[in-house]
Amino acid sequence: MITARAAATFEPVGRSVAAARTFVRDTLQGWGLTDIVDDAVVLTSELVTNAVVHAGTTADVVCIRADTGVRVEVADRYPEREVPLQSNGGHHFGHPDREGGRGLLLCAALAARWGVEYTATHKQVWFQLDFPDRPAGTRAAGPALPSSALPIADSRVRVGVVQVDSGGLISAWNDDAQELFGYQPEQIIGKPLTDLAAWPHTPGTGTGVAEALLLSRWEGSYGIRSADGKVSPVYASHLRIRDAEGEPSTVCLMVRDRERAVLQSPMRGANVDTAETAERGPATDAFEVFIGSPAPDDLDGLLQRTVERARDMLDGDAAYLLLATDDETELEVRASTGLPSARQRFARVPVEAGTGRYGSARMPAVHEDLSAVPGAVPLLVNTGMRSVVTVPLKVEGRLTGSLGVAAESPARYSNEEALRLQFAADRIALAVERARLTELERLRRGSLSFLVEASDLLAGTLDRDQTLALMAQMTVPTLASWCAVYTVADQASEPELSYVLHEDEDRIDGLKALLMKIDPPEQVPTGGARSWSGPYDAAHAAALRTSLRSLSLGDSARPSSGPGASLATASAVGGETVVLPLVARNRVIGMLILGKPTDEHFRQENLELAEDLSRRAALALDNARLYSERTAISQSLQRSLLPPEQPEVPGVEVEVIYRAAGEGNEVGGDFYDLFPIRDGAYGFAIGDVCGTGPEAAAVTGLARHALRLLAREGFGGPAVLERLNAAILDEGARSRFLTLLYGELWPQHDGSAVLKVVCAGHPLPLRLRQDGSVEAAAEPQPLLGVMEDLELYEQTVTLDPGDVLLCVTDGVTERREGTRMLGDDGLIDVLTTCTGLTAGAVASRVLRAVERFAAEPPSDDMAILAMRVPEPEPADA
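If you're wondering where the values come from, they're calculated on a predicted model, not measured in any experiment.

Reading the values: the criteria
- Residues numbered from 1 in each chain as written.
- Predicted model: local features only at pLDDT ≥ 70, side-chain atom pairs only at ≥ 80, totals over all residues.
- Heavy atoms only, no water.
- Helix = DSSP H or I, 4+ residues; strand = E, 2+ residues; numbered from the N terminus.
- Contact = heavy atoms within 4.5 Å.
- Areas by Shrake-Rupley, 256 points an atom, 1.4 Å probe, with all protein chains shown as cover.
- Buried < 20%, exposed > 50% of the residue type's maximum accessible area, 1.4 Å probe, protein only.
- Axes fitted to C-alpha atoms, helices over the stretch in contact; angles between N-to-C directions.
- Parallel < 35°, antiparallel > 145°, perpendicular 65-115°, else oblique.
- Left-handed = near helix turned anticlockwise from the far one by under 90°.
- Nonpolar A, V, L, I, M, F, W, Y, C, P; charged D, E, K, R; others polar.
- Pairing = 2+ DSSP bridges.
- Core = buried A, V, L, I, M, F, W, Y, C linked by side-chain atoms within 4.5 Å.
- Patch = residues over 30% accessible without salt bridge, like charges linked within 9 Å, V, L, I, M, F, W, Y side chains within 5 Å.
- Salt bridge = Lys/Arg side-chain N within 4 Å of Asp/Glu carboxyl O.
- Lys, Arg positive; Asp, Glu negative; His and termini not counted.
- Charge placed at Lys NZ, Arg CZ, Asp CG, Glu CD.
- pLDDT = per-residue confidence, 0-100.

Caption draft 1: Region of the structure containing the overall build of the chain. Within the chain, the secondary structure is distributed over 21 helices and 36 strands. Of all intrachain contacts in the chain linking residues separated by at least 6 positions in sequence, the fraction that spans at least 24 positions is 62%. Carbon together with sulfur atoms contributes 50% to the accessible area of the chain, which is approximately 43200 Å² in total.

Caption draft 2: Just the environment of D825, in detail. For D825, the position within the fold is in helix α20 (residues 823-832). For D825, a relative accessible area of 60% puts it in the exposed group. As for D825 and T813, which are separated by 12 residues in sequence, their C-alpha atoms are 8.8 Å apart.

Caption draft 3: Focus on the environment of L448. Mapping L448 onto the fold places it in helix α11 (residues 415-459). As for L448 and L609, which are separated by 161 residues in sequence, their C-alpha atoms are 9.0 Å apart.

Caption draft 4: Representation of the packing of α11 against helix α12 (residues 464-475) within the structure. The contact between α11 and α12 brings their axes to 10 Å, and the two run at 165°. When the axis of α11 is compared with that of α12, the two are roughly antiparallel. By crossing handedness, the relation of α11 to α12 is classed as right-handed. On α12, the residues touching F450, A454, L457 and L458 of α11 are T467, L470, M471 and M474. Across the contact of α11 with α12, the residue classes break down as seven nonpolar, one polar and no charged.

Caption draft 5: Up close: the sheet that holds strand β12 (residues 231-242). With respect to topology, six strands assemble into an open sheet ordered β9-β8-β13-β12-β11-β10, the strand pairing being antiparallel. A strand with exactly one partner marks an edge of an open sheet, and here the two such strands are β9 (170-173) and β10 (197-198). Bridge count between strand β8 (residues 160-165) and β9: three bridges; the pairing is antiparallel. Its bridge partner lying in β9, V162 is registered against W173.

Caption draft 6: Inspection of the sheet that holds strand β2 (residues 59-66) at higher detail. Pairing within the open sheet is antiparallel, and its five strands lie in the order β1-β2-β3-β7-β6. Each edge of the sheet is formed by a strand with only one pairing partner; in this case those strands are β1 (2-10) and β6 (113-118). Looking at each pair of strands side by side, their axes are set apart by 15° on average, direction ignored. One ladder, built from six bridges, connects β6 with strand β7 (residues 123-130); its direction is antiparallel.

Caption draft 7: Just the nonpolar core, in detail. The biggest cluster of nonpolar side chains holds 34 residues, and the ones touching the most others in it are V24, L28, L43, V48, V61 and F127. For this core, the secondary structure elements donating two or more residues are β1, α1 (15-30), α2 (37-54), β2, β3 (69-76), α3 (102-110) and β7. The biggest single contributor to this core is α2, with nine residues. Setting aside anything within four residues of it in sequence, one finds F127 in contact with A40, L43, T44, L47, V70, R71, V72, C107, A111, R113 and W114. The next biggest cluster of nonpolar side chains, apart from the first, holds 32 residues, and it includes L479, V578, A610 and A620.

Caption draft 8: Looking closely at unusual backbone geometry. Geometrically, the link from V476 to P477 is a cis peptide bond, its omega value of 0° lying close to zero. Inspection of the secondary structure assignment puts P477 in the loop between α12 and β20 (482-487). One non-glycine residue, N382, lies in positive phi territory at about 65°. Residue placement: N382 occurs in the loop between β17 (365-367) and β18 (387-395). Assessed through its relative accessible area of 75%, N382 is described here as exposed.

Caption draft 9: The arrangement of a negative patch on the surface in detail. A surface patch of negative charge is lined by D730, E788, D789 and E791. Relative to the helices and strands, D789 is located in the loop between β31 (774-776) and β32 (795-799). Look at D789 and you get exposed, because its relative accessible area is 70%.

Caption draft 10: Inspection of the confidence of the model for the chain at higher detail. On average, residues of the chain carry a pLDDT of 79, and 82% of them reach 70 or more. Low pLDDT (under 50) marks residues 353-359, which in the prediction has 22 contacts with non-local residues, meaning those over four places away or in another chain.

Caption draft 11: Focus on the pattern of salt bridges. By the definition in use, this model includes 20 salt bridges. D176 serves as the salt-bridge partner of R156, at 3.7 Å between the closest nitrogen and oxygen. Residue R156 is located in the loop between β7 and β8, and its partner D176 is located in helix α4 (residues 175-181); the two are separated by 20 residues in the primary sequence. By relative accessible area, D176 is classed as buried at 14%. One salt bridge connects R585 with D622, and the closest N-O pair in it is separated by 2.5 Å. Remark: D622 occurs in helix α16 (residues 604-641) and R585 occurs in the loop between β23 (577-584) and β24 (587-595); sequence separation between them is 37 residues. Residue classification places R585 among the partly exposed positions, given a relative accessible area of 49%.

Have a look at this one:
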């Protein structure tokens, strides 16, 4: 008869195996079937692995409780998958370490009955585990002991019975609880148990009382605050039940801690009935059954199950497993139980013997009392553990890790336990190494992808600030919880804090303020990460000072900001902090600081990846620095070639628009100038040097300065250009030919303006009259920088009120879109529409027409000079 049923479906991904294990464990524990949980979880893990990993389909898991046992069914959607068959010679499932068929081998070894069923759409593998046939009172038995060896208790043993409802509130309080703790029932019922519990009482306890109350069963030590204010250490056993209405609650049985023997469960061990052993074959070691339970690539799951099994096998209070680095010089904490794992995870200790080193890693060792040899096992310092047994994990003679089991009492372990643990470690070492290598391969592939992407991002910018931001954003939160970058301007300069980033944006300001107050780390050019305690020490000192000030002020004068901010900053930087030098071109240009929050450590693989990233980031940062320096020099030189502020010409509107081609260029081959020559006379020029870039800009500077000098010496237009032509030719191989429109402007008292212009190979200036007609205002003459002897002449143009003179370079007229070109005719058409506009409006309309003529941005330098004689304002009537 079926009495209960539970079902779940799991997706075809690796993490589903762990989820299926949890589902089956929780279901059977909820049914109170703890005796068969482990076997059911092992079998389910293997069958779900076959479904979601090997078959690649979803897995349907069904747990069915009947009168005689539990049946678990695992179905996948791959019915044609081969199933190992029986032959006359018995089962032939292959070797236990083979990838396929291992789940069916375990079914044959552990299950009372099992089978495979096919339908048109899926395959189902099922197994049944019978309830153990144990008469009442024989679940476990201890040996007969002499009276002197019996546990000591008071003359009357009191067992406090406390019931806690689903909300954590006390709902029942018996007379023994009243005697033990001094509270009357009416004083305590309805209050949270967490208000009374002093947790944890035993060092190394990892859960809180609130979490313990949610477990189906829990047993351990903590403290209860009595009515007199003192904390009474108790040993408690919790059992989660449901009342008649189906509401969950927890029954807590409590005795004085010294009387723990009354409640404490017997020593863990395999009490296998002889008849059962004969029926099922030779006894199976716990680790033999466990090998292969997690998914093949689930290293963390494998390690965690290993330490739990090791602790249970030796009835320890804590267990841990460390993995060796590639060079076997350090061990890294990867799994633990019964220890503050958040603080210890990824912590590293040296292997060699010495103070604070892990000297017993390469051979089995038993420490009967750690208090006699402080520091013998650094991982257990300040955890309350007194005795420990450690054994190495070796593969082909190479140290791959270390497994330890510890107890709070001294002299708990002997060589016999060390041999048992070593045997188990030898059986699990190969599986651990395979999973570790799989993880390393996955991490290395991820690291390569990360570095390739990082290199592309860093190579995509030459901006210093953006490079600093990229460095920080690539490390947080991928490699660290927070990051800071110090830069060094030169060898004589002190490091400067340039960028700070935290995964929690609210922590950035506090972290930056902290780092600004402390001295930067010492500059060390050698590679590799090194620890830095500066932020941790400063943050905790500041938090302590703030707390003391807050306490000294009393309740009447609290400070406006309490110690919360300081404590939050201390927590943010309370973990491991490392410094990575930024070295480029054999020079230290900065430091990359990576940090973890309280009690967290870096993985060795992440530190190695950070070192690779720091080398790439240092080169990118130095390239950005060099580019910034050269850009600043270039821009400074270019600005020196531009004309100073444009003078005001009385009676004439003047507007200039200049665009240099090329990113970062302020000056190119095109140039313009407007300058006073003498009272009432102004010189103007617009020209185009052959080519673009720095070489053209050099000729631009020569032309502009020569024009000003010669014009102010009193030379006329033809003489100025002839002498400039000679100067260009004197440049030799560096000379370039130049088109130039030069003129002199005289504003007149009648509101007109007289211009004398020379057009040496340049696009002709255009004159726009008030009636909308456009005409050339000069004749073409030879360009400069080609022939030695030039005979140039100047032409006089008078601009009447309302007239406009437009001068442009060929970057305007030669604007192209495919085979089309704007040309002189196109420019005339644009200018025709500018009647009545100011000089500024004329120049802007011409620029807009040039930009809209083609979709691509202009590829040539461009200069536009517009001069307009305004119309006189009408006289007042």
